[in-house]
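Examining the three-dimensional arrangement
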Amino acid sequence: MKKINLKQKIIIILLLTSLIYTLYQKLQDIYNPSTTLQVHFIDVGQGDSTLIITPDKKTVLIDAGDEQHSSRTTGYIKSQGIDKLDLVIATHPDADHIGGMDKVIKNFDIGMFSMPLVSKDTKQYKEIKKELKNKKLKNKPLYTGDGLSIGKDVKLQILSPQKNKTYSDTNEYSIVARLLYKEVSFLFMADATMENEIAIINDFDDIRADVLKLGHHGSSTSTSDYFLGKVNPSIGVISCGKNNKYGHPHKEVMNLLEKYNIMIFRTDEQGSIVLYSDGYKIYSRRGK
C-alpha cells in the first residue's frame, strides 16, 4: 500500500477542515433564528393545529385542535417560549379545529384574530365568542385575495373562502392560506373540499407550494388529482389521529401522493412535526 506523505496529509486535513466548517455553517443557517422559518404541525390527535414562527419571531397559529387536546396545544406553544400570537386563525367552526381555541385566547396575548362569518350552535363555538369578548378582541374575517405581511420576507396569501358566498357545508368556509418565504411556500388547506379546490384553481394563476398541508385530514373529499397536480408539492403533511374512526387518511389520497412521488409526514405516525426553511430549502425534525 502506498504511503501518504506529509504534504498529502496536510491536504487531507485541510479538505476535512473545510468540509466540517461548511457543514457547521449549513447547520448554523438552518437553526439560526434570524434566517429560519419554522412551521410546527402539532399532534392534536384527530384534529388540526399549526404554529408558524417567522425568522424575526412573528407568530401565527392556525387552528387549535379539539377540546380534549387543548392543554397539549397551549403547552406546546408555551414550550416555544411564546406568550404572544401575532395572528390566530380559526379556519372554520368544527370542534376538531376550534375545540382548544378558547384556551388559546385565554392564555396568550393576540394581535389579530380571524375566523369565517359562519356560526355553529356548539359549546366550543360559544366559548370562543365568550373569550373574545373577555379579551375585547374583534374578529377580522379573511377572504379570497386578502394578503398579510407576517414579518420580514414572509407573506400570507388567502385563497378561500370567497367573500359573500354562501356554502352548504361548514368545511367549505375553511380559511385556506398560502405562506410564502423567499422561494419557499406552504399551503394550509384546513377542511376545504374539492369545490373549494376548483374555485382556488379558477381564482389564482399560481398555487404551487413546496409543502401541502392536506385538506380534511387526508379525506377523499379533498385533494383531487387535478388540484394536486396544480400545487405540485414535494412534501405532504397529514394531521390525523391514530386509528381514527374515519379511516383518515383515505387510501385514494395516499395513492395520489404516491403517484406524484410526494414525501409524506403524518402526525398519527410521527407525532408533532417541525419543518424549517431558510427560504430556499426545507428541513425537518420531530416536534416536542
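That block above? That's the structure.
Residues numbered from 1 in each chain as written. Predicted model: local features only at pLDDT ≥ 70, side-chain atom pairs only at ≥ 80, totals over all residues. Heavy atoms only, no water.

**Some points on the overall build of the protein chain**
What counts is decided by this rule: Strands are runs of DSSP state E lasting at least two residues, helices are runs of H or I lasting at least four, and both sets are numbered from the N terminus onward. For each residue, the accessible area found with a 1.4 Å probe, counting protein chains only, is set against the maximum for its type, and the residue is called buried under 20%, exposed over 50%, and partly exposed in between. Areas reported as accessible are Shrake-Rupley estimates using a 1.4 Å probe. Residue values count occlusion only from the protein chains shown.
When you go through the protein chain residue by residue, the secondary structure sums to 9 helices and 14 strands. Counting over 288 residues, the protein chain shows a buried share of 53%. Accessible area for the protein chain stands at about 14400 Å²; split by element, carbon and sulfur atoms hold 52% of it.

**Observations concerning the nonpolar core**
To keep things clear, this is the line we draw: Here, the term nonpolar core denotes a set of buried Ala, Val, Leu, Ile, Met, Phe, Trp, Tyr and Cys residues that are joined through side-chain atoms within 4.5 Å. Contact definition: two residues touch when any of their heavy atoms are within 4.5 Å.
With 27 residues, the main nonpolar core has V39, F41, I52, L179, F186, F188 and L275 as its most contacted residues. Elements that contribute at least two residues to this core include exactly β1 (37–41), β3 (59–62), β4 (84–89), β7 (154–160), β8 (176–181), β9 (184–188), β11 (235–238) and β13 (273–277). Leave out the neighbours within four places in its chain, and V39 touches T50, L51, I52, L179, F186, F188, I273, V274 and L275. Membership of the second largest hydrophobic core comes to 26 residues, among which are L85, V88, V104 and L137.

**Comments concerning the packing of aromatic side chains**
As a reminder of what qualifies: Working definition: rings of Phe, Tyr and Trp (its six-membered ring) pair if their centres are within 6.5 Å, and the pair is stacked with planes under 30 degrees apart, edge-to-face with planes over 60 apart, and tilted otherwise.
Taken as a whole and assessed by the stated rule, the structure comprises 3 aromatic pairs. Between the aromatic rings of Y167 and Y173, the centroid separation amounts to 5.0 Å while the plane-to-plane angle is 75°, which identifies the pairing as edge-to-face. One exposure class covers both Y167 and Y173, and it is buried. Both rings, one in F186 and one in F188, keep their centres 6.3 Å apart while their planes meet at 5°; by these two values the pair is stacked. Judged on exposure class, the residue F186 and its partner F188 are both buried.

**Some remarks on helix α6 (residues 194–203)**
Just so we agree on the cut-off: Each C-beta atom gives one direction from the helix axis, and the arc is the one those directions make.
Among all positions of α6, only N196, E197, I200 and I201 are buried. The buried residues of α6 all sit within an arc of 140° when viewed along its axis, so they share a single face. Among the exposed residues of α6, those oriented more than 90 degrees off its buried face are I198 and N202. Next to the buried residues of α6 lie β7, β8 and α7 (225–231).

**A look at the pattern of salt bridges**
Selection rule: The salt bridge criterion pairs a side-chain nitrogen of Lys or Arg with a carboxyl oxygen of Asp or Glu, the two atoms within 4 Å.
Counted under the stated rule, the structure contains 11 salt bridges. Residue E67 is joined to K123 by a salt bridge in which the shortest nitrogen-to-oxygen separation is 2.7 Å. With E67 in the loop between β3 and α2 (70–79) and K123 in helix α5 (residues 123–134), this residue pair connects regions lying 56 residues apart in the sequence. Residue class for K123 comes out partly exposed when judged on its relative accessible area of 49%. Between D225 and K259 there is a salt bridge; the shortest N-O distance is 2.7 Å. On the criterion of sequence distance, the pair formed by D225 in helix α7 and K259 in helix α8 (residues 251–259) is long-range, its members being 34 residues apart. Overlapping salt bridges bring together R178, D206 and R208 as one network.

**Examining the side chain of H40**
To keep things clear, this is the line we draw: What qualifies as a polar contact is a pair of N or O atoms within 3.5 Å, subject to a donor-acceptor requirement within protein and to the restriction that residues adjacent in sequence count only when both atoms come from side chains.
Its place among the elements puts H40 in strand β1. Looking at H40, its side chain comes within polar contact range of the side chain of Y76, at 2.7 Å. Residues within four places of H40 in sequence aside, it is in contact with S49, T50, L51, I53, Y76, Q80, I273 and V274.

**Structural notes on the environment of N139**
Along the chain, N139 falls in the loop between α5 and β6 (147–149). Residue classification places N139 among the partly exposed residues on the basis of a relative accessible area of 26%. Considering only alpha carbons, one finds N139 and K129, 10 residues apart in sequence, at a separation of 9.4 Å. Setting aside residues up to four positions removed in sequence, N139 forms contacts with F113, S114, M115 and L117.

Shape is all these values report; function is a separate question.
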